[in-house]
Amino acid sequence: MHPEILRAMNAQRGQELRERAHRSRLARMAIRSRRHGRDLPDDDFVVPAIPDYVDGSFHTDRAVGQVASEAGQAPAGHAA
């Protein structure tokens with residue numbers, strides 16, 4: 001067999017073995033993390049909401065229209 005063909009076949013086999021090892025490693029990590037998560041106590045941690053603006057308010061479409069109407073203006077529209 002030609003040396004270049006042998007080299008290409010060997011490189012392909014090496015790549016396939018590396019991909020298989022990588023998939024196996026990912027599977028073991030997933031199983032371990034799931035097993036570890038099952039052993040952890042439930043701490044009921046809730047991520048707090050992060051405000052959209054510096055003053056601590058949150059952006060909603062209803063709030064934008066309400067603020068504009070309180071100021072006596074029509075809600076701003078987008079010019080396209």
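Quick look at the structure, then.

Here is what the cut-offs are and how they apply
Residues numbered from 1 in each chain as written. Predicted model: local features only at pLDDT ≥ 70, side-chain atom pairs only at ≥ 80, totals over all residues. Heavy atoms only, no water. Helix = DSSP H or I, 4+ residues; strand = E, 2+ residues; numbered from the N terminus. Buried < 20%, exposed > 50% of the residue type's maximum accessible area, 1.4 Å probe, protein only. Areas by Shrake-Rupley, 256 points an atom, 1.4 Å probe, with all protein chains shown as cover. Patch = residues over 30% accessible without salt bridge, like charges linked within 9 Å, V, L, I, M, F, W, Y side chains within 5 Å. Salt bridge = Lys/Arg side-chain N within 4 Å of Asp/Glu carboxyl O. Lys, Arg positive; Asp, Glu negative; His and termini not counted. Charge placed at Lys NZ, Arg CZ, Asp CG, Glu CD.

## With respect to the overall build of the protein chain
The helix and strand tally for the protein chain stands at two helices and zero strands. Taking all 80 residues of the protein chain together, 4% fall into the buried category. Put simply, the protein chain shows about 7900 Å² of open surface, and 58% of that area lies on carbon and sulfur atoms.

## Some remarks on a positive patch on the surface
A grouping of R25, R28, R32, R34, R35 and R38 is seen on the molecular surface, where their side chains present a positively charged patch. Overall, the relative accessible area of 54% leaves R32 in the exposed class.

## A word on a nonpolar patch on the surface
Judged by side-chain polarity, M1, I5, L6 and M9 come together as a nonpolar surface patch covering roughly 430 Å² of accessible area. Secondary-structure assignment places M9 in helix α1 (residues 3-39). Look at M9 and you get partly exposed, because its relative accessible area is 45%.

## Comments concerning the pattern of salt bridges
The full count for this structure, using the stated rule, is one salt bridge. Here E4 ties to R7 by a salt bridge, and the two come within 3.3 Å at their closest N and O atoms. Highlighted residues: E4 and R7, both in helix α1, separated by three residues, approximately one helical turn.

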